[in-house]
Amino acid sequence: MSSDSTTATTDLAALGRSAKGDALHDRLGPERDSIPSQWSRIEDMLDRIGDRLNPILVKEARQAMKSRQFIVTFSLLLIFGWLWTVLYVAFGVPGIFYAPVGPGVLTGYYVVLSIPLLIVVPYAAFRSLAAEREDGTYELLSITTLSAGQIVQGKLGSALLQMVVYYSALAPCIAFTYLMRGIDVVTIGLVLGYTFVASLLLSIFGLMMATVTRSRHWQILLSVVFVMALLVFGFFWDMGVIASIVNSAELPYTEPVFWLTNLCILSFAVPIGLLCYRIAAGQITFASENRSTPIRVVLMMPQFLLVGWFIYFWAELDEDEAMWVLPCILGIYWVGAGSLLTGETAQLSPRAMRELPQSLLGRMAFTWFNPGSGTGYMFAMLNLLAALLVTLVAVSFGQMLKDPAMLDPLGGWARRLFISLTTNIEPIQQVPDLGEWIPMVVCIFGYAAGYLGLGRIVTLIARRATHVSMLATFLCHVIIITGGVLLPLLLQALISWGDFSTFEYTSLQLTNWIWTLYETIDAPGTGLPTYAWVIVGVVGTVVLLINLLLTAREVEHVRLKAPRRVQEDEAALHPVIAKPHKNSPWD
Amino acid sequence: MIAHSSHPIIEFRRLHRYFGLTQAVHDVSFTVGRGQVFGYIGPNGAGKTTSMRILATLDLPTWGDAFVDGFSCINDPDRVRRRLGFMPDYFGTYSDVNCYEYLDFFARSYGLVGRERHRALKHTMSFTRLDELAEKPIRGLSKGMKQRLCLGRAMIHDPSVLILDEPANGLDPRARIELREMIRQLAADGKTVLVSSHILTELAEMCDVVGIIERGQLLAVGSVAEIQKQQTPHREVKVRVIGSARSLAEWLGARADVSNVKLEGEFCRFTHEGERESEAALLRELVLANFAISEFGSHSQSLEDVFMAVTRGVVQ
Ligand SMILES: Nc1ncnc2c1ncn2[C@@H]1O[C@H](COP(=O)(O)OP(=O)(O)O)[C@@H](O)[C@H]1O
Ligand SMILES: [Mg+2]
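Computed from a predicted structure; not experimentally measured.

*Asks:* Is there a simple way to think about the overall build of chain B in this case?
*Replies:* Per the secondary structure count, chain B includes 12 helices and 14 strands. In terms of C-alpha radius of gyration, chain B reaches 25 Å, well past the compact-globule figure of 20 Å for 316 residues. In terms of principal-axis extent, the alpha carbons of chain B reach across some 80 × 45 × 40 Å. The burial tally for chain B puts 53% of its 316 residues in the buried class. On chain B, roughly 14,000 Å² of surface is accessible, and the fraction owed to carbon and sulfur atoms is 51%.

What follows is the structure, given as structure tokens:
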């Protein structure tokens, strides 16, 4: 493992050297060329590899070799690593010769490693992109042929490179803790793996933060807030990791559920990272480009994961809480996403309109991915509806497994068929009672569609008078959603002033989604009256339909043909792909 | 192909850019032909940078569009970028980078690989005479060297259009002359150059066409001589006469093509409308009228005067 560090650094050095070598070589002219040596062939090869790498990565690798920040951090890492070793050995003698002190030693190394990984690298990523924007180099970069995505990837790549270098530097020390016994490879691997994922996610998050604002004042404020947040996060993270290192003997490594839980947690890292990446790239993309569709695609990923994992854990662990919590999380997720998506403007640039779906199927399925406030609303609501329906199917299936008599109204054959098809499936014992579960789900959808739709209508009205930004739309939603809770509470408090013994759920609280949902889930006694959830569901659906009508204009957009000049250029650049091919539903 | 000649290489089409109530660019339209050097002239705050940034796909117009080689800067920024090199009025730099690495980075960013990149770097460095400075850290460069490096960066991908925003600003006379030579050389290589300045005289000799802009509006477009003639169709004449200066003034005052007659001792100054031929005819008439002319000189108005005439009169 220790050889990793040397190869990483020599690679970097070689990158720099080969470039200088080329400069020299070019200036010296062809005389040198006539002696083909082993060395120049290696240089050529490195050069060709360098050509394939992201230019930003190459540049930053060269810079890092000369950068004071990197050299200081790297040296401090090594110094503190060695200091800790020396101290532990010096003070631990003679105990360390027979006691399993591995965990103790590892915690020290871990803290030394976690500071560059969890604080320095993400902050450096944040600063490096923010500085480009402040110094104007970002503009120079943005007019090259690099895409916004490549720029973010390059920055992320150089964060990754630094992480690898720091890891490699401390690798010998970590190998040393393994030799001290008391700690197993699994724990070391888990700790390093999770830290790697956290560092990577924090770096992407930092890159996203760097693109949020252009104003220098906000950048400075953001930079202070970000570094504080990193410090706080790093502290709690380290506490958690140290606790699990010390108690590593008690971690249930042999149980599959332990690994599944880990897999579940890690699986969410993918969409979160992708989302931050997409947002960062979207923010710095040229404004006439369609920046919304890629973000919407990524927004769907957590939904699949949530539904999949919750249903799995419900079936596997036989805990019906999972199915009560899932619709709530889905509702919160899509209302959150929707309150931002509804802040988009529906003005599609001619450029974005060149790539619109054209066929009927394509338009039906993909129109909701187009930028726009109305499509954003419908996108969020249709996703929520789909997820809730899948959950409903799962819960009903669970009920039927438990009690096939449910199918009797369809006729005896249905029951027999169902039983014969599901003989091998073990029924889940804890299944939510559909009579209570459905009102809750209806309420969740009704509230989500109703509040989000109402907020959108308000912003549409405001847009007639003035420009409404995404942040303003978001705040508008927050005000309406919290207002819906606070107002009825206040009213009821005023009405029943002085006599709070009768402070109970009444129809006045219909807009109070928190109380209403609480009544559906946990109401003592009879639960929510039927009329309540029916009203919520119906009102939500009506608001949804009104919004659908208001969205008609956004849906009308049709694909524009690229101008002649662009077609000419396209034909000149890619002469072969002249044949129009209809192979995707977008065409 | 015919397609090439059918559209101008640079076109501003009714370009507007407002910042709130500031009309930074207001209805600017003009075209630049292939291989021309276009001088974009206007006082500070006229809207030169704003319109050039739109052309360089760094900003979007409020209304209207700009085109490079027929491609819209709004809808096809990627195609525009491949054909265009932009040198802004600031120097964007990285710490811990030397000149070679700086140019190499931008060459890579423009997608140049392998031999192509080496060739581009070699050519650019020798063109801007940065060869000896290759290993020099950027921080230590002088203003003139920085400008050359900026120019090198703008031309590294061999664009057919170069946009230079006040490149001569803050340069010493020697560096200015060198820069002018480089721009001439670029034009000779077939590149179209759009170069801005707030000083007309600085650009007059190297531009085929100049456009004068003030407060976001384009006031005049044409070659320097055309604008000069259009703005000041008359010439200043100075005559030295022996003896009868007063009667000469009277004689001149009676003519329709002469105005602003002033007496200064032996000298008589006036403005004369017409071409050089009519000026020669006037001199012959003076001699025939028995005035003892000992000196006769004329000059058109200076570029500064022209610039003042254009920029002051129209928008106010
Ligand atoms: N980002 C901006 N925000 C607000 N006003 C701007 C901005 N950029 C330029 N302006 C204004 O637009 C006008 C034109 O500026 P500019 O194009 O930089 O002029 P020039 O380059 O000709 O000196 C000025 O009045 C300037 O204050
Ligand atoms: Mg300017």
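The discussion continues.
*Asks:* Could you clarify how one ought to interpret the overall build of chain A in this entry?
*Replies:* Looking only at helices and strands, chain A has 22 helices and zero strands in total. For chain A, long-range pairs separated by at least 24 residues make up 80% of all intrachain contacts whose partners lie at least 6 apart in sequence. For chain A, the accessible surface area stands at approximately 30,100 Å², while carbon and sulfur atoms represent 71% of it.

*Asks:* Mind showing me how you'd approach the environment of E279 of chain B here?
*Replies:* Residue and element names in this part refer to chain B. One can find E279 in helix α11 (residues 276–288). C-alpha separation for the pair E279 and S298, spaced 19 residues apart in sequence, amounts to 8.8 Å. With sequence-adjacent residues up to four places away left out, E279 is seen in contact with R235, V237, H272, F296 and S298. In this structure the side chain of E279 is engaged in a polar contact, spanning 3.1 Å, whose partner is the side chain of R235.

*Asks:* Which parts of the structure should I look at to understand the nonpolar core?
*Replies:* If you look at soluble globular proteins, the nonpolar side chains tend to sit buried side by side. With 145 residues, the main nonpolar core has L113 of chain A together with F12, L55, L84, L149 and L194 of chain B as its most contacted residues. Residue contributions to this core peak at 14 residues, all from helix α5 (residues 102–135) of chain A. In contact with L84 of chain B, not counting residues within four places along its chain, are L55, A56, V68, Y110, H157, P159, V161 and I163 of chain B. By size, the runner-up hydrophobic cluster in this structure holds 54 residues, among which are V395, A448, Y451 and I480 of chain A.

*Asks:* Explain the site of ligand 1 to me, please; I cannot follow it from the model alone.
*Replies:* Residue and element names in this part refer to chain B. For ligand 1, the full set of nearby residues is F19, T22, A24, P43, N44, G45, A46, G47, K48, T49 and T50. At a separation of 3.1 Å, an oxygen atom of ligand 1 approaches a polar backbone atom of A46. Between an oxygen atom of ligand 1 and a main-chain N or O atom of K48, the distance comes to 2.8 Å. Contact with the protein chains covers 58% of the free accessible surface of ligand 1, which is 560 Å². For the shell around ligand 1, the elements supplying multiple residues, two or more each, are β2 (22–32) and α2 (48–55). It is α2 that contributes the most residues to the shell around ligand 1, three residues altogether.

*Asks:* Could you clarify how one ought to interpret the pattern of salt bridges in this entry?
*Replies:* For side chains bearing opposite charge, pairing can occur when the charged atoms are close. As enumerated under the stated definition, the model contains 42 salt bridges over all chains in all. Each of R354, R564, R565, E568, D569 and E570 of chain A together with R34, D69, D76, R79 and R83 of chain B takes part in a single network of salt bridges with overlapping partners.

*Asks:* Just checking my understanding: could you explain the interface of chain A and chain B for this structure?
*Replies:* Note: interface size is frequently given as the accessible area lost on complex formation between the parts. Taken together, the 42 residues of chain A in the interface contact 50 residues of chain B. Of the roughly 4,200 Å² buried between chain A and chain B, counting both surfaces, carbon and sulfur atoms make up 53%. For the chain A face of the interface with chain B, the top three residues by lost area are I143, F286 and R565 of chain A, together amounting to 18%. Inspection of the region where chain A meets chain B yields 11 salt bridges. Between E101 of chain B and K66 of chain A there is a salt bridge; the shortest N-O distance is 2.8 Å. Scanning the region where chain A abuts chain B turns up 24 residue pairs in polar contact (both at pLDDT 80 or more). At the level of elements, α1 (2–28), α2 (38–52), α3 (55–66), α5, α6 (137–142), α13 (350–353) and α22 (564–573) of chain A are the ones that each hand at least two residues to the side of chain A that touches chain B.

*Asks:* What is the right way to look at the pairing of strand β7 (residues 161–164) of chain B in this model?
*Replies:* Within a regular beta strand, the side chains point alternately toward one face of the sheet and then the other, so they alternate between its two faces. All names here are of chain B. Because side chains alternate across β7, one face comprises the buried residues V161 and I163, and the other comprises L162 and L164, equally buried. Judged from the four bridges that link them, strand β6 (residues 84–87) and β7 form a sheet pairing that is parallel. Following the sheet pairing, G85 is matched in β7 by L162. Alignment of β7 against strand β8 (residues 192–197), held across four bridges, turns out to be parallel. Counted as the bridge partner of L164 is V195 from β8. As a crossover connection, the stretch from β7 through helix α7 (residues 173–188) into β8 is right-handed.

*Asks:* Please clarify how the state of the cysteines should be interpreted in this entry.
*Replies:* Every disulfide links exactly two cysteines, by a covalent bond between their sulfur atoms. Considering all chains together, one arrives at zero disulfides over all chains under this definition. Free of any disulfide, C276 of chain A has its nearest cysteine sulfur in C264 of chain A, 18 Å distant. Judged by its relative accessible area of 9%, C276 of chain A is buried. Here C99 of chain B is not cross-linked by a disulfide; its sulfur's nearest cysteine counterpart is in C150 of chain B, at 11 Å.

*Asks:* Where do I start with the sheet that holds strand β4 (residues 63–68) of chain B in this structure?
*Replies:* Backbone-to-backbone hydrogen bonds join strands into a sheet, with any given pair of strands oriented parallel or antiparallel. Residue and element names in this part refer to chain B. In space, the four strands of this open sheet follow the order β2-β1-β4-β5, with antiparallel pairing throughout. Lying at the two open borders of the sheet, with one neighbouring strand each, are β2 and β5 (71–72). Sheet topology places β4 next to β5; two bridges connect them, and they run antiparallel. Of the residues in β5, the one forming a bridge with F67 is S72. Here α2 sits on the sheet in contact with β1 (10–19), β2 and β4, set at roughly 120° to β1.

*Asks:* It is not clear to me how the sheet that holds β6 of chain B should be interpreted in this structure. Could you clarify?
*Replies:* Residue and element names in this part refer to chain B. Reading across from one edge, β6-β7-β8-β3-β9-β10 is the order of the six strands in this open sheet, with mixed pairing throughout. One side of each edge strand has no neighbouring strand; the edge strands of this open sheet are β6 and β10 (217–222). The mean inter-strand angle of the sheet, taken between neighbouring strand axes irrespective of direction, is 15°. The sheet contacts of α7 involve β3 (37–41), β7 and β8, and relative to β8 the element is tilted by about 155°. Its contacts with the sheet put helix α9 (residues 224–231) on β9 (209–214) and β10, and the angle it makes with β10 is roughly 110°.

*Asks:* Can you help me understand the domain arrangement of chain B in this one?
*Replies:* Considered domain by domain, chain B is made up of domain 1 (8–223) and domain 2 (233–299). A straight line from the C-alpha centre of domain 1 of chain B to that of domain 2 of chain B covers 46 Å.

*Asks:* Would you take a moment to explain unusual backbone geometry for this structure?
*Replies:* Of all residues except glycine, most have a negative phi; of all peptide bonds, most are trans. The phi angle at D318 of chain A is positive, at roughly 55°, despite the residue not being glycine. Residue placement: D318 of chain A occurs in the loop between α11 (292–317) and α12 (321–341). Exposure remark for D318 of chain A: the relative accessible area of 22% places this residue in the partly exposed category. Although it is not a glycine, N290 of chain B adopts a positive phi angle of roughly 70°.

*Asks:* Would you take a moment to explain the environment of A387 of chain A for this structure?
*Replies:* Here A387 of chain A lies in helix α15 (residues 373–402). Separated by 66 residues in sequence, A387 of chain A and G453 of chain A have C-alpha atoms that sit 19 Å apart.

*Asks:* Before we go on, may I ask you to explain the confidence of the model for chain A in this structure?
*Replies:* Low pLDDT means the predicted coordinates in that region are not meant to be read closely. All names here are of chain A. In the predicted model, chain A carries a mean pLDDT of 85, and 89% of its residues have values of at least 70. For chain A, α1 is the element with the lowest average pLDDT, namely 43, and α12 is the one with the highest, namely 94. In this model, residues 1–33 is a region of pLDDT below 50 whose contacts with residues beyond four sequence positions or in other chains number 33 contacts.

What counts and how
- Residues numbered from 1 in each chain as written.
- Chains lettered and ligands numbered in written order.
- Predicted model: local features only at pLDDT ≥ 70, side-chain atom pairs only at ≥ 80, totals over all residues.
- Heavy atoms only, no water.
- Helix = DSSP H or I, 4+ residues; strand = E, 2+ residues; numbered from the N terminus.
- Rg over C-alpha atoms; globule rule 2.2 N^0.38 Å.
- Buried < 20%, exposed > 50% of the residue type's maximum accessible area, 1.4 Å probe, protein only.
- Areas by Shrake-Rupley, 256 points an atom, 1.4 Å probe, with all protein chains shown as cover.
- Contact = heavy atoms within 4.5 Å.
- Polar contact = N/O pair within 3.5 Å; in protein donor to acceptor, adjacent residues only side chain to side chain.
- Core = buried A, V, L, I, M, F, W, Y, C linked by side-chain atoms within 4.5 Å.
- Near = heavy atom within 4 Å.
- Salt bridge = Lys/Arg side-chain N within 4 Å of Asp/Glu carboxyl O.
- Buried area = accessible area lost by both parts, 1.4 Å probe.
- Pairing = 2+ DSSP bridges.
- Right-handed = clockwise from strand over helix to strand, strands pointing away.
- Disulfide = S-S within 2.5 Å.
- Axes fitted to C-alpha atoms, helices over the stretch in contact; angles between N-to-C directions.
- Domains from an automatic or database assignment.
- pLDDT = per-residue confidence, 0-100.

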